[in-house]
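Each chain, written out:
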Amino acid sequence: MKLLVLVLNRFFWFFPTVLGLMLVTFTISHVIPADPVAFVAGDNATNEQIEALRAQLGLDQPVHVQLYRYVLSVVQGDFGVSLYTLRPISHDLASRVPATLELTFVAVLLSAAIGIPLGVISAVNRNSLLDHLLRVFTVSGLAIAAFWLAILLQLLFAMELGWTPLQGRVDGWGPDEVTRFYLIDSLLMGDLDIFLSAASHMMLPAITLAYPAMATIVRFTRAGVLEAINSNYVMYEEAMGFPRRVIVWKFVLRNALIGTVTQIGLIFGILIANAVVVEAVFDWPGLGLYAVQSILQSDYNAIMGFTVVAGVIFIVVNLIVDIAHGFIDPRESR
Amino acid sequence: METASFLIRKLAEDRVALLGALLISLLVLTAIFAPFLATHPADIAEFHPVERLQGPATAHFFGTDRMGSDIYSRILFGARITITIAVIAIGVSVLIGVPIGLIAGYYHGWFSDMLMRTSDIFLAVPQIVLAIAIAQTLGPSIENVILALSATYWPFWTRLVYAETRSLQNEVFIEASIALGAPPWRVMLLHILPNIMSSIIVRTTIGMGGTILTAAALGFLGLGAPAPSPEWGRMISESREFLPEAWWYATAPGLAIFMVVMGFNLLGDGLRDILDPRIRRSRAHDSK
């Protein structure tokens, strides 16, 4: 029952939050610029052109009417047209979501696959030299600028050693689009060459994104294991004669991971933030690269579209994490 | 006063936190004495195309950039930009976030709910995404980066102060001062605020690191101070055209960002260990 209340409560707040986000982007795009129309029209536009554009964009209406129209069109998935390509922004964004999602999924898997074992090792050997070295390694992950790490990796592995491609998502044409995740689509096609090409392109951007996320995972896993390892059931299992290895990796880890799972929302935030700059460095055709290109072209419609979509993805992920957390750990559902 | 000396004594024992404090002092000293430490102070605005893209040598410690300017000198002056952005942006965020958190936490009612929901909306989006939208609309400049960061960072303090205020409200000393007839502002400023100060200090220290990273990312994306400003993120962005030959170009500014952010993170971690009694207890548990 409590769980149901939690789920309903989270769903109830989903809509006002998204609406609030639209209010923020509306304020940024319609209220902050002294004259948004002149801003869009450029420096060389005549007064007649500006007025015509103002009527065309509906910006001659009162603010509350503009807000109403804006929310109505965004809810229908219409972000207007790009001021640069004149194509609908929703199409551009939709075609780029899969690339970003594939990259972030791989980065999350990578950071969990490396971060969780490192966290356990760190906790089991606490205050040893290994623990201290791992601490330095993880703290560095949160201090390094993602775009700088991306450039260093490019410099070493792509330019000097030539082990990985410099940038892009795949050599030549991508696989037939089914899921639009190239790693999966190429396997569905049975084309190993495309799969290997996609995987090698994925390597550096995924590592760049995974490093700071991994740092967070190591910290929380370490803390969780340390807390669980001192509990009574561990003492009981030790008395029962379970090998230390089984206790740590099976019983303790399962309890310790609850804390780590709840951090996925935070980790996803780090990933989206870093994806913007990392995609720009690796020329990865996702949402982040789209945002960067829009910045360079002063395409403010496209930037607002990106802000709303990135925000909604982030809000949805946090909604799922909150609800999943309620199921994993019923104590938390207040 | 007693707490301050306690804090300094504890910090001196924590070598990692001390390293953090050292890195931050280095940044501050660099920013203050940049004109004296720089070997080519005029290179912030002057170009020497003949000397462009030279590797590190005694004449140019960290090499020269695409305009032939001395990267070492530019890094030193870049420290000023970094400090200015971080201190003002965080200062404004604290000044906005803390009062809102105090008021929303102290009073119960629809107004408090509205304040908290508003801060939730800002927290619902990754900071850099909103900051990009704001900085892009306002145009590239340091002032606008500061504005964009302040507008997106204040809710972190609101959340923190709100939660701490709510948990303090049931304490006897708060109830007692209300019963004695102390006005709300007096309770908030003289009784609640001093007791949550340590949490605010920890959050602010760690927030400095995050702000510097975000500011550098905005600079990297071309939303920061326009050229030829020696902003660290912008310098890294400029270097990309000249890789792999000019490997030194991005190295120095990247290391500078890394050291400064590391400094704030280490100091923040150390302060949290000292100031947060819950963690202090688990630490004792830890070393058992």
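Residues numbered from 1 in each chain as written. Chains lettered and ligands numbered in written order. Predicted model: local features only at pLDDT ≥ 70, side-chain atom pairs only at ≥ 80, totals over all residues.

(A) How the structure looks around the interface of chain A and chain B. Contact with chain A, which involves 43 residues of that partner, is made by 40 residues of chain B. Grouping the amino acids of the side of chain A that touches chain B by side-chain chemistry returns 31 nonpolar, 10 polar and 2 charged. (Contact = placed C-beta atoms within 7 Å. Nonpolar A, V, L, I, M, F, W, Y, C, P; charged D, E, K, R; others polar.)

(B) Geometry of the packing of helix α5 (residues 127–138) of chain B against helix α6 (residues 142–168) of chain B. Residues and elements named next belong to chain B. For the pair α5 and α6, the least separation of the axes is 9 Å and the interaxial angle reads 145°. You can see that α5 and α6 cross each other, and the crossing is right-handed. When α5 is examined against α6, the residues Gln127, Leu130, Ala131, Ile134, Ala135 and Leu138 are found in contact with a partner set consisting of Asn144, Val145, Leu147, Ala148, Leu149, Ala151, Thr152 and Tyr153. (Axes fitted to C-alpha atoms, helices over the stretch in contact; angles between N-to-C directions. Helix = DSSP H or I, 4+ residues; strand = E, 2+ residues; numbered from the N terminus. Left-handed = near helix turned anticlockwise from the far one by under 90°.)

(C) Geometry of the nonpolar core. Ranked by size, the top nonpolar core spans 169 residues in total, and within it A:Ala145, A:Phe147, A:Ala213, A:Leu271, A:Val277, B:Ile132 and B:Ala217 carry the most contacts. A per-element tally of this core places helix α9 (residues 192–229) of chain A first, with 18 residues. Counting the residues that make up this core, at least three belong to each of domain 1 (8–75) and domain 2 (96–333) of chain A. Filtering out sequence-adjacent residues up to four positions away, B:Ala217 remains in contact with A:Ala145, A:Phe147, A:Val277, B:Ile128 and B:Gly233. (Core = buried A, V, L, I, M, F, W, Y, C linked by C-beta atoms within 7 Å. Buried ≥ 20, exposed ≤ 12 C-beta atoms within 10 Å, placed from the backbone. Domains from an automatic or database assignment.)

(D) Spotlight on the domain arrangement of chain A. Residues and elements named next belong to chain A. When cut into domains, chain A gives domain 1 (8–75) and domain 2 (96–333). On a C-alpha basis, the centroid separation for the pair domain 1 and domain 2 is 35 Å. Taken residue by residue, the interface counts 9 residues in domain 1 and 10 residues in domain 2. Among the elements that take part in the side of domain 1 that touches domain 2, helix α1 (residues 2–31) stands out by supplying 8 residues, more than any other. In terms of residue class, the side of domain 1 that touches domain 2 is built from 5 nonpolar, 3 polar and 1 charged.

(E) Looking closely at the environment of B:Gly209. With respect to the element layout, B:Gly209 can be found in helix α8 (residues 184–220). Looking at B:Gly209, the number of C-beta atoms within 10 Å reads 24, which means it is buried. Between the alpha carbons of B:Gly209 and B:Ile71 there is a distance of 23 Å; along the sequence they are 138 residues apart. Apart from residues no more than four positions distant in its own chain, B:Gly209 is found in contact with A:Ala143, B:Val261, B:Phe264, B:Asn265 and B:Gly268.

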